[in-house]
Amino acid sequence: LKELLSYKPFTALLIPNLLRGFCSGILSVCMTIGFSMGITNSSSGAVLSMLMQLAVILSCVVYSFIAKANSNDGKIILIASIALVLFMPAMLSGKDIKFFYILYFLCYFAVTFVDYSVPVAVTKLVDYDYIGIYTSWRMLIHTLGIAIAILNKSFLVSIFPDEANSAIPPVLVDLDF
């Protein structure tokens, strides 16, 4: 681990991998928050599941064309990350379920671009000798970002003030990081 912490690509991508997980974590609880805010309803789960799968399938196809034409994965990651930062709060800003559905689809489309671009970029940045340990720690940090996003009541409350408390399971309400 000490050797990995002194490895420049690992330290340079530490925060981006944590933030990637954080965005994935926030996106994973948007349905619950949408339900608690009265945007989504009990039948929305099936629709959102289909939208997520459709977004992932379409983004895979689109990414295959973009990846061939553009070898700069950093730009793809940056553009998709900016889209996530803009779309996720906007998704929960209104009470229109169609608007929520459209932005949910776009968020999953963007997160798939990030999820596919990062490993491609890693193959360009990380030496072969480090790839195994780097990948396991990269995914651990990504998963940590997801966990922090889901458990961090303070973050959810700051974005969705009154509604967020009802979206968080009671056992997690007192957890603050």
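Right above here is the structure, for reference.
## Here we look at the packing of aromatic side chains
Given two aromatic rings, one states the distance between the centres and the angle between the planes to describe the pair.
Now for step 1: For the coordinates displayed, the defined rule picks out 8 aromatic pairs.
Now for step 2: On the numbers, 6.0 Å between centres and 15 degrees between planes, the contact of F100 with Y104 is stacked. Here F100 and its partner Y104 are both found in helix α6 (residues 97–125), 4 residues apart, which amounts to about one turn of the helix.
Now for step 3: Three or more aromatic residues joined by ring pairs make a cluster, and in this case those are Y63, F105, F109, F113 and Y116.

## Details of the packing of α6 against helix α7 (residues 131–151)
Now for step 1: Relative to each other, α6 and α7 sit at 150 degrees, their axes nearing to 12 Å. Comparing the axis directions of α6 and α7 gives the class roughly antiparallel. Considering the relative orientation of α6 and α7, their crossing is right-handed. Judged by residue contacts, D115, V118, P119 and V122 of α6 engage I131, Y134, R138 and H142 from α7.
Now for step 2: The residue makeup of the contact of α6 with α7, split by class, is 5 nonpolar, 1 polar and 2 charged.

## Quick notes on the packing of helix α3 (residues 14–36) against α7
Now for step 1: The geometry of α3 relative to α7 is characterised by a closest axis approach of 6 Å and an angle of 45 degrees between their N-to-C directions. Judged by the inter-axis angle, α3 sits oblique to α7. Relative to α7, the crossing made by α3 is right-handed. When α3 is examined against α7, the residues L14, N17, L18, R20, G21, F22, S24, G25, I26, S28 and V29 are found in contact with a partner set consisting of Y134, R138, I141, H142, L144, G145, I146, I148, A149 and I150.

## Side note on the pattern of salt bridges
Now for step 1: Applying the stated criterion across every chain, the model contains 1 salt bridge.
Now for step 2: In this structure, the salt-bridge partner of D115 is R20, at a minimum N-O distance of 3.0 Å. Separated by 95 residues along the polypeptide, D115 in helix α6 and R20 in helix α3 bring together distant segments of the chain.
Now for step 3: You can call D115 partly exposed: its relative accessible area is 23%.

## Examining the environment of A110
Now for step 1: On the secondary structure map, A110 appears in helix α6.
Now for step 2: On the basis of relative accessible area, A110 is assigned to the buried category, the value being 6%.
Now for step 3: In contact with A110, not counting residues within four places along its chain, are A80, A83 and L84.

## A word on the nonpolar core
Now for step 1: Within the largest apolar cluster, 42 residues are counted, with the highest numbers of intra-cluster contacts made by L27, L84, M88, M91 and F100.
Now for step 2: The set of elements that each furnish at least two residues to this core consists of α3, α4 (44–69), α5 (73–91), α6 and α7.
Now for step 3: If one sorts the elements of this core by residue count, α6 sits on top with 13 residues.
Now for step 4: In contact with L84, not counting residues within four places along its chain, are C23, P89, C107, A110, V111 and V114.

## Side note on a nonpolar patch on the surface
Now for step 1: Where nonpolar side chains cluster on the molecular surface, the patch consists of L14, I15 and L19 and spans about 260 Å² of accessible area.
Now for step 2: Structurally, the position occupied by L14 is in helix α3.

About the criteria used
Residues numbered from 1 in each chain as written. Predicted model: local features only at pLDDT ≥ 70, side-chain atom pairs only at ≥ 80, totals over all residues. Heavy atoms only, no water. Phe/Tyr/Trp six-rings, centres within 6.5 Å; stacked < 30°, edge-to-face > 60°. Helix = DSSP H or I, 4+ residues; strand = E, 2+ residues; numbered from the N terminus. Axes fitted to C-alpha atoms, helices over the stretch in contact; angles between N-to-C directions. Parallel < 35°, antiparallel > 145°, perpendicular 65-115°, else oblique. Left-handed = near helix turned anticlockwise from the far one by under 90°. Contact = heavy atoms within 4.5 Å. Nonpolar A, V, L, I, M, F, W, Y, C, P; charged D, E, K, R; others polar. Salt bridge = Lys/Arg side-chain N within 4 Å of Asp/Glu carboxyl O. Buried < 20%, exposed > 50% of the residue type's maximum accessible area, 1.4 Å probe, protein only. Core = buried A, V, L, I, M, F, W, Y, C linked by side-chain atoms within 4.5 Å. Patch = residues over 30% accessible without salt bridge, like charges linked within 9 Å, V, L, I, M, F, W, Y side chains within 5 Å. Areas by Shrake-Rupley, 256 points an atom, 1.4 Å probe, with all protein chains shown as cover.

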